[in-house]
Amino acid sequence: MDRIIQQIDTIVGFLQPNMPFINCHMVDYLTEQHWKQFVPETIKHELQTVGDYLQAKELFWGQLDPAYKTESRFPGVREFIDNTRRYRLGGSEALGMALTLDEFKDAISDHRKETRLKMTELMNEKKCHEVEVAAATVASLCTAMASDSSNSTKLEDILVIDAGDGKGYLSSRIALEHGIKVLGVDCNAENTIGAQKRLERLKVIAVRKSNLEEDEHLTSLVKDESQLKTLYRTATQLIDFNTNLIELAAAYFPQGNHTTFCLSGLHTCGNLGPNCLRLFHENPTIRGICNFGCCYHLMQEQFIVDEFYNPTKVSENPGYGFPMSAYLRERAFALGRNARNLAAESIERACANRENPSDKLGYRALLQVVFLERGEKKSHQVGRLKCNGFVDYVRKAIIRLDLTKNVTITDECLLELEARFAVELEQLKVFYLIRQQFASVIETLILLDRLLYLRECGYDRSFLVKLFEPVVSPRCYALIALK
Ligand SMILES: C[S@@+](CC[C@H](N)C(=O)[O-])C[C@H]1O[C@@H](n2cnc3c(N)ncnc32)[C@H](O)[C@@H]1O
């Protein structure tokens, strides 16, 4: 626990002076001169022209390539990139905080379950990858729980509860391939009904693909039509920190002797992830957990009221999601909405796809210039807009905000404005990539805070494990614990 606290302190120490930068609004980039205000002096000195900005983007996108080590361009930019990378999981300031998939497999080798089915149907590449790895992991945890000598639990007495089951990709696979009973719980009825329908199609594919003679479980699934239905059921229910999952499971699986539960959750958005950790702690019979977080921006923080947090969303996401650990709560540590938004970005993907920040970021910053010149308030929220160029963006934004009478401007003036700020618009993209470097540092802090919570609750067998390939599935770390 001391090591986790030490790492958290180091990361907090690094993030704190950068919080105004991390939490600035891209909307205000031009009107509040973010480049001048936030960018480190060495970088400002090195990057001065459009040519520099274009080359700097190459540097950011290449940071994971082997050739990056021999780069000689922009030493100040490289130093900034290298420094931020030290504070992410796997970096030198957070070394040993997360297990790799192989380390985890070794740790659980006596109970390890592997994927036997390759099923690319009904799922995209990302989901396929996640489901194969996560289903085998949850099955391994259940097997470990069943072989715990301190109690006499059998695998058939274990029930997996999949929180935020969605379309049932993970849960149905656990039931279908590993023969473990699963209750998929999702607050969206469309999802839970869809998950049930999908199951039958999945069974047909799985049976066609498997080598039945060698697979006892799948052979019996073919023979007994009703078996799959007894293995997998779905419930429509919103989960919060008070939800009685055990009662829910008993209602959906009245038969059987379910004394032990494993709580899975693949990309439990917002507060759902933290609430799953709380439910794991509060229910002695939930003896294992495998949880991946996502959508950190939907998480409610205890020590900050977000400027743009939508109160109507609170009922879908009750409770506080950050901080979880007593350590950070005692320090009243807050991230802020933009920091949480950033935490959900993926540098690996941005690099792999050489993602150029959207032109719309620049359009919105330019629109802010138009608004402020006309005495409009700062806080208009345009939201996502499909558009064809800057003029189209402004026209659609003004209609959406019902400002057609207040904001009148000709197309010529808008085009002149765009041309006048052409250099700044290219610079804004580099600014975005500079700020994006903090993404994995913030996510690391969120994940370490969750791990620390589990350790503070007394679960020594709790770990962060890098289960997925980050380019395929950016939210790749699972919190795994066994009681
Ligand atoms: C990102 S999706 C993941 C779905 C699924 N686990 C997967 O990986 O395909 C999150 C799901 O959680 C559900 N959800 C979000 N908050 C919830 C809550 N508090 N209780 C139950 N379900 C929730 C949403 O409806 C959505 O289906």
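You'll find the protein entered in an unreviewed UniProt entry as Methyltransferase domain-containing protein, with Anopheles culicifacies given as the organism.

> Talk me through the site of the ligand; I want residue IDs and the actual numbers.
In the vicinity of the ligand there are 18 residues, among which Gly164, Gly166, Cys187, Ile239 and Leu266 approach most closely. Those elements that place two or more of their residues in the shell around the ligand are helix H9 (169-178), strand E3 (181-186) and strand E5 (260-269). If you tally residues by element for the shell around the ligand, the top one is E5, at three residues. Grouping the constituent residues of the shell around the ligand by class yields ten nonpolar, five polar and three charged.

> Go over the packing of helix H8 (residues 125-146) against H9, please, and point to the residues and values.
Running from amino to carboxyl end, H8 crosses H9 at an angle of 55°, the nearest separation of the two axes being 9 Å. With respect to H9, the element H8 is oriented oblique. By crossing handedness, the relation of H8 to H9 is classed as right-handed. Contacts from Lys127, Val131, Ala134, Ala135, Val138 and Ala139 in H8 reach Tyr169, Leu170, Arg173, Ile174, Glu177 and His178 in H9. Residue composition of the contact of H8 with H9, grouped by class: eight nonpolar, one polar and three charged.

> Tell me about the sheet that holds strand E2 (residues 158-163), and name the residues and values.
With respect to topology, eight strands assemble into an open sheet ordered E1-E7-E8-E6-E5-E2-E3-E4, the strand pairing being mixed. Strand pairing shows two members of the sheet lacking a second neighbour, strand E1 (98-100) and strand E4 (232-236), which therefore form its edges. Ignoring which end each strand starts from, the neighbouring axes of this sheet average 20° apart. With three bridges joining them, E1 and strand E7 (residues 462-466) adopt parallel strand pairing. By the bridge assignment for E7, leucine 99 is matched with valine 465. Contacting E2, E5, strand E6 (286-294) and strand E8 (477-482), helix H14 (residues 272-282) crosses the sheet at an angle of about 165° to E5.

Reading guide: rules and limits
Residues numbered from 1 in each chain as written. Predicted model: local features only at pLDDT ≥ 70, side-chain atom pairs only at ≥ 80, totals over all residues. Near = placed C-beta within 6 Å. Helix = DSSP H or I, 4+ residues; strand = E, 2+ residues; numbered from the N terminus. Nonpolar A, V, L, I, M, F, W, Y, C, P; charged D, E, K, R; others polar. Axes fitted to C-alpha atoms, helices over the stretch in contact; angles between N-to-C directions. Parallel < 35°, antiparallel > 145°, perpendicular 65-115°, else oblique. Left-handed = near helix turned anticlockwise from the far one by under 90°. Contact = placed C-beta atoms within 7 Å. Pairing = 2+ DSSP bridges.

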